[in-house]
Amino acid sequence: GGTHCTLFPEQMARSRLVDYVVAGEGEDHILEIARRISNCEKGGSKIYSKKILDIEKLPPVNYSLDKNIETFITSKITDKVYGHERVKHPMRWIPFETSRGCPSECTFCIDVVVGDTKYRKKSAGKVLEEMAAVVGKYNITHVKFIDDNFVVNIKRFQAIAQGILDRGLDITWDCECRCDYFRENMLNDDILQLAKRSGLVEITLGIES
């Protein structure tokens, strides 16, 4: 799976080292692959074609499937957020996805190359419910939103920030967005202040030309 398999599935399938090739998103495909392996099925296509999934319907990520999850949670983040004065130490962090794709067509972005320009999101309520469960279960102090562009829907962004405060989640968090979202009808001063109160400590910017 991954970007190379998505762009060149036939090339990957020709390799004798590859049993299955998954293009695009893999949550559905991995279940079918597991079934084939369990049933000792031979033959058939090695390639699983690209699918666009409804991420609102996907189950929450089961982090406990990783037997070394505690080692991961306590590992050091390799960006500047680690040294921010508001970030608690020892830091306990987790990557958290709430949306996929981005409607913009920046020439440098891999989303454009692989055709992932349809923005799909989890509702703010689903995000808050799943995040609160993970934060509580693993005593998380920092959430790293790994969405391609977390701020596409500003009302959802605002609802998530307010929901973090309403639920009393004592965390810091960071995300990614476009430079041109810093304007009156998007990331204005009021919304940025709300996000900061809810724990936002860093926004990583895509530098569009």
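K.L.:
Summarise the packing of aromatic side chains; cite the residues concerned and give the values.
P.N.:
Using the criterion set out here, one finds nine aromatic pairs in the structure. Geometrically, the ring pair formed by F96 and F145 is edge-to-face, given 6.2 Å between the ring centres and 80 degrees between the ring planes. A residue pair is termed long-range when its members are at least 10 positions apart, and F96 in strand 3 (residues 93-96) and F145 in strand 6 (residues 142-145) qualify at 49 residues. The exposure class assigned to F96 is buried, which follows from its relative accessible area of 4%.

K.L.:
So, the pairing of strand 7 (residues 172-178): which residues are in play, and what are the values?
P.N.:
For strand 7, the tally of buried residues reaches six of seven residues, placing the bulk of the element in the interior. As defined by bridge partners, strand 6 adjoins strand 7 across three bridges and the pair is classed as parallel. In the sheet register, H142 faces strand 7, and the bridge partner there is T172. For the handedness criterion, the β-α-β arrangement of strand 6, helix 7 (residues 154-166) and strand 7 is classed as right-handed. Across six bridges, strand 7 lies against strand 8 (residues 200-206) in parallel orientation.

K.L.:
Describe the environment of E70, naming the residues involved and giving the relevant values.
P.N.:
Of note, E70 is situated in helix 4 (residues 69-73). C-alpha separation for the pair E70 and I52, spaced 18 residues apart in sequence, amounts to 31 Å.

K.L.:
Describe the packing of helix 6 (residues 124-138) against helix 7, listing the residues and the values that go with them.
P.N.:
At a closest axis distance of 9 Å, the pairing of helix 6 and helix 7 adopts a crossing angle of 35 degrees. Viewed along their axes, helix 6 and helix 7 form a crossing whose handedness is right-handed. Facing helix 6, whose interface residues are A124, V127, L128 and M131, helix 7 presents R156, A159, I160, G163 and I164. A class-by-class count of the residues in the contact of helix 6 with helix 7 yields seven nonpolar, one polar and one charged.

K.L.:
How would you summarise the nonpolar core if you had to cite specific residues and measurements?
P.N.:
One finds M131, V143, V151, F157 and W173 to be the most contacted residues of the largest nonpolar core, which totals 36 residues. Of the residues forming this core, the biggest block, seven residues, is contributed by helix 6. Among residues more than four places away in sequence, those in contact with V143 are I94, F96, M131, V135, I171, T172, W173 and D174. The next biggest cluster of nonpolar side chains, apart from the first, holds six residues, and it includes I77, V87, M91 and V201.

K.L.:
Describe unusual backbone geometry, listing the residues and the values that go with them.
P.N.:
H89 connects to P90 through a cis peptide bond whose omega is 5 degrees. Residue position: P90 is located in the loop between helix 4 and strand 3. One non-glycine residue with positive phi stands out, namely N139, at about 55 degrees. Among the secondary structure elements, N139 is positioned in the loop between helix 6 and strand 6.

K.L.:
Provide a residue-level description of the side chain of H142, including the pertinent values.
P.N.:
With respect to the secondary-structure elements, H142 resides in strand 6. In contact with H142, not counting residues within four places along its chain, are I77, V81, M91, R92, W93, I94, T172, W173, D174 and V201.

Rules used in this analysis
- Residues numbered from 1 in each chain as written.
- Predicted model: local features only at pLDDT ≥ 70, side-chain atom pairs only at ≥ 80, totals over all residues.
- Heavy atoms only, no water.
- Phe/Tyr/Trp six-rings, centres within 6.5 Å; stacked < 30°, edge-to-face > 60°.
- Helix = DSSP H or I, 4+ residues; strand = E, 2+ residues; numbered from the N terminus.
- Buried < 20%, exposed > 50% of the residue type's maximum accessible area, 1.4 Å probe, protein only.
- Pairing = 2+ DSSP bridges.
- Right-handed = clockwise from strand over helix to strand, strands pointing away.
- Axes fitted to C-alpha atoms, helices over the stretch in contact; angles between N-to-C directions.
- Left-handed = near helix turned anticlockwise from the far one by under 90°.
- Contact = heavy atoms within 4.5 Å.
- Nonpolar A, V, L, I, M, F, W, Y, C, P; charged D, E, K, R; others polar.
- Core = buried A, V, L, I, M, F, W, Y, C linked by side-chain atoms within 4.5 Å.

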